[in-house]
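Structural overview
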Amino acid sequence: MASWGRRSSGMVHHIKALSKVELRGKAGEMKGGWWRYPLQPGVASALVPRSWPCVNTMASLFLVQRFKSSLPQKQVEDDDDDDQDLDFPGGKVACTSEMKFISGSYDKRIPCYRVLGDDGELIKDGSDFEKVNKELAVKMYRDMVCLQIMDTFLYEAQRQGRISFYMTSFGEEAATISSAAALTKDDIILPQYREQGVLLWRGFTLQEIVNQCFGNKDDGGKGRQMPVHYGSSKHNFVTVSSPIATQLPQAAGMAYSLKMDKKDACVVAFIGDGGTSEGDFHAGLNFAAVMEAPVIFVCRNNGWAISTPTSDQFRSDGVVVKGQAYGIPSIRVDGTDALAVYSAIRAARNMAINEQRPVLVESWTPFHIRRFHQISFSQ
Ligand SMILES: Cc1ncc(C[n+]2csc(CCOP(=O)(O)OP(=O)(O)O)c2C)c(N)n1
Ligand SMILES: [Mg+2]
């Protein structure tokens, strides 16, 4: 146990040292208006601005036009005879003599909200996004770099047999760090297992992460959990639970308790695309919708549940449309676009708290980073 302790503290030292070097080394390479930070060769990137054209001189953040949220449609337009309307729970429903099945898909897929293009420039002047000040932006970038370096060390440690299990966030740095940046520390996080970036953002130290993964004497969970099953009440981060999707019904219930206590906070439940194939995903969304609970469901859709592609999991247009089916306002966002994720989560938080209702965010992260890097079991 003592030797594990020594090894883990050495690792923390290396991660910290590399984080600094990385930041200094890359700074000289900044060119152009916006800087796309390469995460790995061939890996999609998080986007970071060079000159921060969006920086707000005031310390606070600009207000952004809120996404419109609509209550479930109560009244269906009716071009037939009004007398034939059916009065059904939820509102009147038009009658039609035409036998017509609704389609299983839309003509067009739901668009993906992006602020930054592949070149790192704003896609469009006047884009609908929330600007960040320089201090916040630098912290976002620093934590993304730190997260990737930490992942590299712990992934290698797993491959070397030092720890039994590890989950990286490669390609998903912006999806988690930008989400964390958009929240307050009163917001309660229910993670799946790949959201260690949120913990880092909230001040959970590298040493605490490594203690957990090594299950050493300083681990807050006393070594009783598998690696990556982090948790910290101090950071409002509920311990990772091995059976995926169980956190969703729990999130709905927890959010309902915030609602009853009239708290100015929401619950944020993360889930992978694979998690949406579990019954708990549907139970959680429906429960939250009916109870009008202030919870944000963030689905990191990376296209795979270990080796099962999304095409073998569902035939819907991804995950975003499932929210609509439950009467939940939903958005699809580019999970590698730090500003888009930040803006979407800020808007979702406003909506969840001010309107006291759930919101679903489907965050698309790179589909081509496969399990070899993302999941490390001991086999
Ligand atoms: C209820 C349950 N079934 C199966 C598993 C095994 N399992 C662990 S990770 C995983 C894949 C999850 O994929 P996804 O939700 O897309 O997350 P990703 O790893 O892609 O981030 C599965 C099936 C589990 N942990 N819990
Ligand atoms: Mg997945």
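Keep in mind that what you see is a predicted model, and the values were worked out from it rather than measured.

**Let's talk about the sheet that holds strand β12 (residues 359-364)**
Strands in a sheet are paired, the pairing made by backbone hydrogen bonds, and the direction either parallel or antiparallel. One open sheet holds the 5 strands; their spatial order is β6-β7-β8-β12-β11, and the pairing between them is parallel. In this open sheet, the two edge strands, each paired with only one partner strand, are β6 (188-190) and β11 (330-334). Averaged over all adjacent pairs, the angle separating strand axes in this sheet is 20°, with direction ignored.

**Topic: the pairing of β11**
Burial runs high along β11: 5 of the 5 residues are buried. Side-chain alternation along β11 places S330, R332 and D334 on one buried face and I331 and V333 on a second face that is also buried. With respect to chirality, the unit in which β11 leads through helix α9 (residues 338-354) into the neighbouring parallel β12 is right-handed.

**With respect to the site of ligand 1**
Neighbouring residues of ligand 1: 16 residues in total, closest P243, G272, G274, G275 and A305. Looking at the shell around ligand 1 residue by residue, the class counts come to 6 nonpolar, 6 polar and 4 charged.

**Digging into the environment of T176**
Of note, T176 is situated in helix α3 (residues 173-182). Classification of T176 as buried rests on a count of 30 C-beta atoms within 10 Å. Sequence separation between T176 and V298 is 122 residues, and the spatial gap between their C-alpha atoms is 9.5 Å.

**Structural notes on the packing of helix α6 (residues 247-260) against helix α7 (residues 279-291)**
As a packed pair, α6 and α7 sit with axes 7 Å apart at the nearest point and diverge in direction by 20°. Judged on the interaxial angle alone, α7 and α6 are roughly parallel. Both α6 and α7 take part in a crossing whose hand is left-handed. Residues L248, P249, A251, A252, A255 and Y256 of α6 form the contact with α7, whose own contacting residues are D280, F281, A283, G284, F287, A288 and M291. Taken together, the residues of the contact of α6 with α7 sort by class into 11 nonpolar, 1 polar and 1 charged.

**Side note on α7**
Given a rise of 1.5 Å per residue, 13 residues ought to cover 18 Å, and the 18 Å separating the end C-alpha atoms of α7 matches this to within 8%. Listed as buried for α7 are F281, G284, L285, F287, A288 and A289. In this structure, the buried residues of α7 make contact with α6, β7 (267-272), β8 (295-301) and α8 (320-325).

**A few points about the confidence of the model for the protein**
In this model, the protein carries a mean pLDDT of 84, and residues with pLDDT of at least 70 account for 77%. Note on residues 21-70: pLDDT is under 50 here. Beyond four places in sequence and across chains, it has 97 contacts.

**A short note on the environment of I353**
Assignment of secondary structure puts I353 in helix α9. Classification of I353 as partly exposed rests on a count of 19 C-beta atoms within 10 Å. Along the primary structure I353 and L258 are separated by 95 residues, whereas in three dimensions their C-alpha atoms are 9.7 Å apart. I353 has contacts with D264, C266 and P294, leaving out every residue within four places of it along the chain.

**Describing unusual backbone geometry**
With a phi angle near 55°, K262 is a residue other than glycine that sits in the positive phi range. Looking at the secondary structure, you find K262 in the loop between α6 and β7. The exposed category is assigned to K262, around which 7 C-beta atoms lie within 10 Å. The phi dihedral of E292 is positive, around 50°, even though this residue is not glycine. Summarising the element assignment, E292 is placed in the loop between α7 and β8. Accessibility expressed as a C-beta count within 10 Å gives 16 for E292, which makes it partly exposed.

**Regarding helix α2 (residues 134-159)**
Helix length check: α2, at 26 residues, gives a terminal C-alpha distance of 37 Å against a target of 38 Å (1.5 Å per residue), a fit within 8%. Of the residues trailing α2, G161 is marked for its positive phi of about 85°.

Analysis parameters
- Residues numbered from 1 in each chain as written.
- Chains lettered and ligands numbered in written order.
- Predicted model: local features only at pLDDT ≥ 70, side-chain atom pairs only at ≥ 80, totals over all residues.
- Pairing = 2+ DSSP bridges.
- Helix = DSSP H or I, 4+ residues; strand = E, 2+ residues; numbered from the N terminus.
- Axes fitted to C-alpha atoms, helices over the stretch in contact; angles between N-to-C directions.
- Buried ≥ 20, exposed ≤ 12 C-beta atoms within 10 Å, placed from the backbone.
- Right-handed = clockwise from strand over helix to strand, strands pointing away.
- Near = placed C-beta within 6 Å.
- Nonpolar A, V, L, I, M, F, W, Y, C, P; charged D, E, K, R; others polar.
- Parallel < 35°, antiparallel > 145°, perpendicular 65-115°, else oblique.
- Left-handed = near helix turned anticlockwise from the far one by under 90°.
- Contact = placed C-beta atoms within 7 Å.
- Expected span 1.5 Å × (residues − 1).
- pLDDT = per-residue confidence, 0-100.

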